[in-house]
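Residues per chain are reported as follows:
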Protein chains: 2
Amino acid sequence: MRTSKFRFGWGKHALSVLLAYVFVSACAATPAAVDPLASWTDGATKLAIERFIERVTMEGGPDYVPPQQRIAVFDNDGTLWSEQPWVEGQFKKYQIKKAAERDPSRRDRQPFKAAYENDLGYFETGGLPVYLGPARTITSEVSREHYDTEVESFFATQIHPGLEVPFQETIYQPVIELMTYLRANGFETFICSGGGVDFMRVMSSELYGIEPYQVIGTSLVKELQIVDGRSILVTKDELDLFNNKDQKAVSIDLHIGLRPLLVMGNEGGRGDIGMLGYSQGRDGISMQLLINHDDEIREFAYAEDDDASLNAAKKNGWLVVSMKDDWLSIYPTEEK
Amino acid sequence: MRTSKFRFGWGKHALSVLLAYVFVSACAATPAAVDPLASWTDGATKLAIERFIERVTMEGGPDYVPPQQRIAVFDNDGTLWSEQPWVEGQFKKYQIKKAAERDPSRRDRQPFKAAYENDLGYFETGGLPVYLGPARTITSEVSREHYDTEVESFFATQIHPGLEVPFQETIYQPVIELMTYLRANGFETFICSGGGVDFMRVMSSELYGIEPYQVIGTSLVKELQIVDGRSILVTKDELDLFNNKDQKAVSIDLHIGLRPLLVMGNEGGRGDIGMLGYSQGRDGISMQLLINHDDEIREFAYAEDDDASLNAAKKNGWLVVSMKDDWLSIYPTEEK
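Residues numbered from 1 in each chain as written. Chains lettered and ligands numbered in written order. Predicted model: local features only at pLDDT ≥ 70, side-chain atom pairs only at ≥ 80, totals over all residues. Heavy atoms only, no water.

Caption draft 1: Up close: the overall build of chain A. What chain A contains, in helices and strands, is 13 helices and seven strands. Residues classed as buried in chain A amount to 50% of the 336 residues present. The contacts of chain A with a sequence gap of at least 6 include a subset with a gap of at least 24, amounting to 69%. Looking at chain A as shown, the accessible area adds up to about 14,800 Å², and 54% of this sits on carbon and sulfur atoms. (Helix = DSSP H or I, 4+ residues; strand = E, 2+ residues; numbered from the N terminus. Buried < 20%, exposed > 50% of the residue type's maximum accessible area, 1.4 Å probe, protein only. Contact = heavy atoms within 4.5 Å. Areas by Shrake-Rupley, 256 points an atom, 1.4 Å probe, with all protein chains shown as cover.)

As structure tokens, this is what we get:
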């Protein structure tokens, strides 16, 4: 299914590469430029992004923004990688299974029993309520080092159910290109996500080139303790802050202290409306990008039942990025 | 008073500069190197810092630390600038005075009356309790833009009582040099302070070269609201998080996600013991620096009544920086 779309993408892409090559060859002294947004379809969306970056970086221009204010913030699930299913949720079930493997006494009660016996139906029926709390309890019982190792082990061994590739291959190549392009133009790139901050930080540098100190997320309460003479932070079985919706704008202020010049989020859970609006409230120029999950062939097609995010985009003039139309390829390993 | 010490410092400094000059002149082909820690006395403390930075940056060496992990965290009050009196406290009184000037109806009640009439005795007697709460209330009544403008106005017009210079001239030149030196060696530098995060962020870039997103501090509760179609964050009259003592380690984890490779704090309020210990708990090499306020001639001499910070330094092998002995000059504008 996905292959046919890829070939279509490849055809359009080949043409633009060919045209670019002919053009560049004609200017003998100019080295062949690589398109920093090569996975984006040549069209209005790509052009708007390119023009925006040109305007804010043009010294002396009317929309010039000094580098210190070039803050770009990205949601994670559904914006930087696929969120069907929620990757961190898959990890939480993996954590529960590992806990059942370590401790046989857990196996006779739920959700450990279901995880140990690969009873996926139990989790499908129960949904988040049956595993969010137990996963938090397990996290509070292990050291941070153990937690990090388990996240790494999850990524090293587990496969996305549906796409049948490692989870780290479900990142969106066009957004990776956009972040790289922004950084090359003096932007600082941040993640602001409802995902767990400790979970995201294990992989953010490798997957996205974003260091842990530029990742903002949901957190559990922690406490400094001295154990055997060494200071350690103990994670408590208690939510500190759920970083979603309006809270994302508050967290951006707490962690960054500036209104972002660019925010990219996605429709699907109404989670990014708050921070997109907060960015738009900036004095002067700014850009808001909302990914529309409209590609049932190459990714997944889903929508909010009230279209709240798409309606907000329409009302406020945010740029809607169609995965189907604006992206030549979605995943880094796709043939183009 | 201060002048005599400066002359003493200048004498020692002149000698080391002369010796360095003779040495460098002897190596004709070598361009004269500028000492990145020119305001530090040549001695054990300076040497320990230089050696530490050499070790963590020496590729292939046993203590090499990759740039991503080169996190340096600094306290602010008493570590980056003088804290006698507490600068932000001076600003809070200034805020109260400005509020009384704006609104005459306030002038018949305290602390507005005292601020309006320059009754310093009232504030000295009452201390923090008489103005912390009212200043927070005022902050919740004005926009973030107004708050920032008032901080700028404070720095532009007010003078340090005692040192008789603008507050921004009470920053510590040796620590500015250390931060610059660290950044030149691939470190990211952060502030983690009990001070208000919004207050510090107005001046952190100009004073310290630290951008707002690398400043961690005390925060008030904020709420996203849409006013006249524009998203704004409204500050509430409610403390969100007091960033002091053990909380500093927790905040470092929340904002940075890594144990710092270097932490610098100061004795005086026991505020930095938690984050110094948290840094030391890092696997592998790390450095902890504790400033001792022992220079009554050039700055101020004060100590905790139980010497908790100095005792922790002694017990844990943290490097105590003597302002009297280790710093040739303290302030950027001093004659050397």
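Caption draft 2: Highlighting the environment of Asp246 of chain B. With respect to the secondary-structure elements, Asp246 of chain B resides in helix H10 (residues 246–255). By relative accessible area, Asp246 of chain B is classed as partly exposed at 40%. The residues contacting Asp246 of chain B, other than those within four sequence positions of it, are Leu224 of chain A together with Gly274 of chain B.

Caption draft 3: Region of interest: the state of the cysteines. According to the stated counting rule, one finds zero disulfides over all chains in the structure shown. Distance from the sulfur of Cys192 of chain A, which forms no disulfide, to the nearest cysteine sulfur (Cys192 of chain B) is 20 Å. (Disulfide = S-S within 2.5 Å.)

Caption draft 4: Inspection of the relation of the copies chain A and chain B at higher detail. Turning chain A through 180 degrees and shifting it by 0.0 Å along the axis lays it on chain B, with an RMSD of 0.0 Å. The two molecules are tied by a two-fold rotation axis, judged by turn and shift. Residue His255 of chain A of chain A places its C-alpha closer to the rotation axis than any other residue of that unit, at 3.4 Å. A symmetric contact is evident, with 100% of the interface residues of chain A recurring at the interface of chain B. (Least-squares fit on C-alpha atoms with pLDDT ≥ 70 in both.)

Caption draft 5: Local environment of the interface of chain A and chain B. At the interface, 35 residues of chain A touch 35 residues of chain B. The contact between chain A and chain B buries some 3,000 Å² in all, and 52% of this surface belongs to carbon and sulfur atoms. It is Tyr213, Leu224 and Leu254 of chain A in chain A that bury the most area against chain B; as a group they hold 22% of the surface buried on that side. Connecting chain A to chain B are six salt bridges. In this structure, Lys222 of chain A engages Asp253 of chain B in a salt bridge whose closest nitrogen and oxygen atoms are separated by 2.6 Å. For the side of chain A that touches chain B, the secondary structure elements donating two or more residues are strand E2 (188–196), helix H9 (197–208), strand E3 (215–227), strand E4 (230–241), helix H10 (246–255) and helix H11 (273–280) of chain A. A breakdown of the residues in the side of chain A that touches chain B according to their chemical character gives twelve nonpolar, nine polar and 14 charged. (Buried area = accessible area lost by both parts, 1.4 Å probe. Salt bridge = Lys/Arg side-chain N within 4 Å of Asp/Glu carboxyl O. Nonpolar A, V, L, I, M, F, W, Y, C, P; charged D, E, K, R; others polar.)

Caption draft 6: Fine view of helix H8 (residues 173–184) of chain B. Residues and elements named next belong to chain B. Its twelve residues give H8 an end-to-end C-alpha distance of 16 Å, which sits within 8% of 16 Å, the value for a rise of 1.5 Å per residue. Most of H8 is tucked away: nine of the twelve residues are buried. Three or more residues of H8 are buried, namely Gln173, Pro174, Val175, Ile176, Glu177, Leu178, Met179, Tyr181 and Leu182. Considering only its buried residues, H8 is in contact with helix H2 (44–57), strand E1 (71–74), strand E2 (188–196), helix H9 (197–208), strand E5 (262–266) and strand E6 (287–292). One or two steps after H8, the chain reaches Gly186, where phi turns positive at roughly 85 degrees. (Expected span 1.5 Å × (residues − 1).)

Caption draft 7: Main features of the confidence of the model for chain A. All names here are of chain A. Taken over all residues, the pLDDT of chain A has a mean of 92, while the share at 70 or more is 90%. The low-confidence segment residues 1–28, where pLDDT is below 50, has 27 contacts with residues more than four positions distant or belonging to other chains. Interface confidence for the predicted complex, given as ipTM, is 0.90, next to a pTM of 0.90. (pLDDT = per-residue confidence, 0-100.)

Caption draft 8: Structural context of H2 of chain B. Residue and element names in this part refer to chain B. A rise of 1.5 Å per residue sets the reference length of H2, with its 14 residues, at 20 Å; its end C-alpha atoms lie 20 Å apart and thus fit the reference within 8%. For H2, the set of buried residues is Thr45, Lys46, Ile49, Glu50, Phe52, Ile53 and Val56. Axial view of H2: buried residues confined to an arc of 155 degrees, hence all on one face. Relative to its buried face, H2 has exposed residues pointing more than 90 degrees away, namely Ala44 and Arg51. (Arc of directions from axis to C-beta.)

Caption draft 9: A look at the packing of helix H3 (residues 87–102) of chain A against helix H6 (residues 132–141) of chain A. Residues and elements named next belong to chain A. Two numbers describe how H3 lies on H6: the axes approach to 9 Å, and their chain directions differ by 60 degrees. On the basis of the axis angle, H3 is oblique to H6. Here H3 runs over H6; the crossing is left-handed. Here H3 contributes Lys92, Gln95, Ile96, Ala99 and Arg102 to the contact with H6, which in turn contributes Leu132, Pro134, Ala135, Ile138 and Thr139. (Axes fitted to C-alpha atoms, helices over the stretch in contact; angles between N-to-C directions. Parallel < 35°, antiparallel > 145°, perpendicular 65-115°, else oblique. Left-handed = near helix turned anticlockwise from the far one by under 90°.)

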